[in-house]
Amino acid sequence: MITVNFSPKVNENKAAEILREIARDKMGGWLNLPKKFDMGEFVRIKEAAKKIQDESEYLVCIGIGGSYLGHRAIIEALHPHSETKIIYAGNSLSRRELDRALEKVGDHDFSINVISKSGTTLEPAIAFGEFKKKLIEKYGELEAIDRIYATTDKRQGALHDEAVAAGYTMFVVPDNIGGRYSVLSAVGLLPMAVAGINVDKLLEGASEAVESVVEPATKYAWMRYELGKKGYDTEVFASFEPATMYFNEWLKQLFGESEGKGKQGVLPTSVIYSTDLHSMGQFMQDGRRNLWETIIDYPTDETNAKIVQAVRTAHTEGGILVLSIGMSSYDERGFGELIYFFELACAMSAKLFGVNPFDQPGVEAYKQELKKLL
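Basis of the calculations
- Every chain begins its residue count from 1, and numbering advances along the sequence as written.
- The predicted origin of the model limits local features to residues at a pLDDT of at least 70 and limits the giving and counting of side-chain atom pairs to 80 or more, whereas totals for whole chains, interfaces and linings rest on all residues.
- The basis for every side-chain value is the complete set of non-hydrogen atoms in the structure, without hydrogens or water.
- Each helix is a run of H or I in the DSSP string that is no shorter than four residues. Each strand is a run of E no shorter than two, and both are numbered from the N terminus.
- Here a polar contact means two N or O atoms within 3.5 Å. Within protein one must be a hydrogen donor candidate and the other an acceptor candidate, and residues neighboring in sequence count only if both atoms are side-chain atoms.
- Whether two residues touch is decided by their heavy atoms; if any such pair falls within 4.5 Å, the residues are in contact.
- Put simply, the grid is 1 Å and covers the protein atoms alone, a cavity is a trapped set of points that fit a 1.4 Å probe, a pocket is an open set with protein on both sides within 12 Å along at least five of seven lines, and lining residues have an atom within 4 Å of a point.
- Grid points are joined across faces, edges and corners, and a volume is the space filled by probe spheres set on the points.
- Any residue outside Ala, Val, Leu, Ile, Met, Phe, Trp, Tyr, Cys, Pro, Asp, Glu, Lys and Arg is labelled polar, Gly included; the first ten of those are nonpolar and the last four are charged.
- Two rings from Phe, Tyr or Trp (for Trp, the six-membered ring) form a pair when their centres are within 6.5 Å of each other. A pair whose planes differ by under 30 degrees is stacked, one over 60 is edge-to-face, and the rest are tilted.
- A ring is scored as having a charge over it whenever the NZ atom of a lysine or the CZ atom of an arginine sits within 6 Å of its centre and within 35 degrees of its normal.

Peer 1: Any chance you could explain the side chain of T152 here in plain terms?
Peer 2: Tracing the backbone shows T152 in strand 5 (residues 148–152). A distance of 2.7 Å separates a polar atom in the side chain of T152 from the backbone oxygen of S116. Contacts of T152, omitting those with residues within four sequence positions, involve S116, K117, L159, H160, M170, F171, V172 and V173.

This is the structure we're talking about:
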């Protein structure tokens with residue numbers, strides 16, 4: 001059960017109206033996905049994961065943004081046991097990073113999961129070309145095809161067309177779910193299953209959250225909106241678990257891309273304590289008061305819990321508004337619930353700010369400029 005330590009005055013009628021708007025939106029498919037997941041697709045995902053585990057030491061996950069941040073967040077946080085390790089590529093244009101990934105695979109057995117709705121995003125397209133070449137050189141074209149898993153559009157796009165023509169195993173990026181809301185779809189479930197995450201329990205947690213987190217998510221959305229309108233323009237997500245760094249990164253994408261348009265929204269940033277108390281701690285304690293802190297209160301050990309308590313007290317006395325979001329359990333079920341909580345709260349918050357939670361025109365603008373330069 002997700003818990004919150006704040007109780008803003010919520011307009012219940014407005015909240016119900018926003019939920020109806022999200023449900024009607026053509027990109028609102030994530031809203032009921034945990035309860036309506038295609039079980040045939042789910043079985044295929046687990047069968048593919050088992051095949052990859054049986055024949056590969058590495059799975060190279062190629063994607064950027066919502067195509068990799070969500071599942072990397074859960075894999076890094078839970079650090080599951082699997083003989084098959086995940087390598088990430090295609091999330092930057094750094095040649096050094098790509099060469100490091102190629103070198104890490106080396107002569108080991110590997111498979112590829114390329115994740116892209118269109119197949120034309122430059123960063124993953126370049127990485128896929130390099131790893132596909134390496135795969136063909138190692139195994140030959142026929143076996144290479146058997147080791148490529150494409151998660152892409154159901155009907156169209158460059159990757160879809162290539163996958164159909166070549167015969168790659170395909171999984172679907174749902175038409176009605178955008179990248180940053182897609183972690184509980186095949187986008188996230190295949191790599192998580194390969195890494196050893198219990199995806200059944202992850203979906204169970206998310207499914208229970210469909211009903212259980214509506215109230216706390218609504219309160220959190222309202223609190224963000226009210227603070228934003230009062231001039232608090234920065235939210236600092238604070239975690240006391242180093243392994244959740246990528247969960248913070250997913251949160252930054254989720255809120256940044258969903259809210260940051262029309263000169264609206266709150267800037268999402270993050271810290272990992274106690275490490276960042278020795279770098280950002282001074283600013284948090286005594287810097288500008290245009291921010292608030294949202295502590296994600298993961299279940300932890302006694303010593304770490306004391307640090308959480310000390311930081312909450314010190315920062316509150318220093319004039320920072322400190323919100324707390326409590327996680328029920330540090331496992332697949334708990335993270336399934338937490339993912340759904342933040343997805344719902346984010347969509348509601350964006351609607352309150354009067355922007356579309358599901359598009360990203362600014363990202364498209366940079367892509368067009370990059371195409372001109374290249």
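The rest of the description comes next.
Peer 1: Honestly, empty space enclosed by the protein in this entry has me stumped. Any pointers?
Peer 2: The gaps of empty space that remain are located by a probe, the size of a water molecule, rolled over the atoms. Using the criterion set out here, one finds 1 cavity of 30 Å³ or more in the structure. Looking at the lining of the largest cavity, the elements with two or more residues in it are strand 9 (291–297) and helix 13 (302–317). Residue classes in the lining of the largest cavity are distributed as 4 nonpolar, 2 polar and 2 charged.

Peer 1: Could you clarify how one ought to interpret the layout of surface pockets in this entry?
Peer 2: Looking at the largest pocket, its volume works out to about 970 Å³. Where the lining of the largest pocket is concerned, the elements lending two or more residues are helix 5 (122–139), helix 11 (245–259) and helix 15 (361–373). Of the residues forming the lining of the largest pocket, the biggest block, 7 residues, is contributed by helix 15. Class assignment of the residues belonging to the lining of the largest pocket gives a composition of 13 nonpolar, 13 polar and 8 charged.

Peer 1: Just to check I follow, could you spell out the packing of aromatic side chains for this structure?
Peer 2: Each aromatic ring pair is characterised by the separation of its centres together with the angle its planes make. This structure, assessed with the given rule, holds 25 aromatic pairs. For the pair Y68 and Y88, a centre-to-centre distance of 5.9 Å together with 55° between the ring planes defines the contact as tilted. Of the two residues, Y68 is situated in the loop between strand 2 (58–62) and helix 3 (69–78) and Y88 in strand 3 (residues 85–89); the sequence distance between them amounts to 20 residues. Following the ring pairs from residue to residue traces out a cluster consisting of F6, Y220, F237, F247, W250, F255, Y298, Y330, F335, F341 and F342. Its end group placed over the ring of Y139, R147 keeps NZ or CZ at 4.0 Å from the ring centre.

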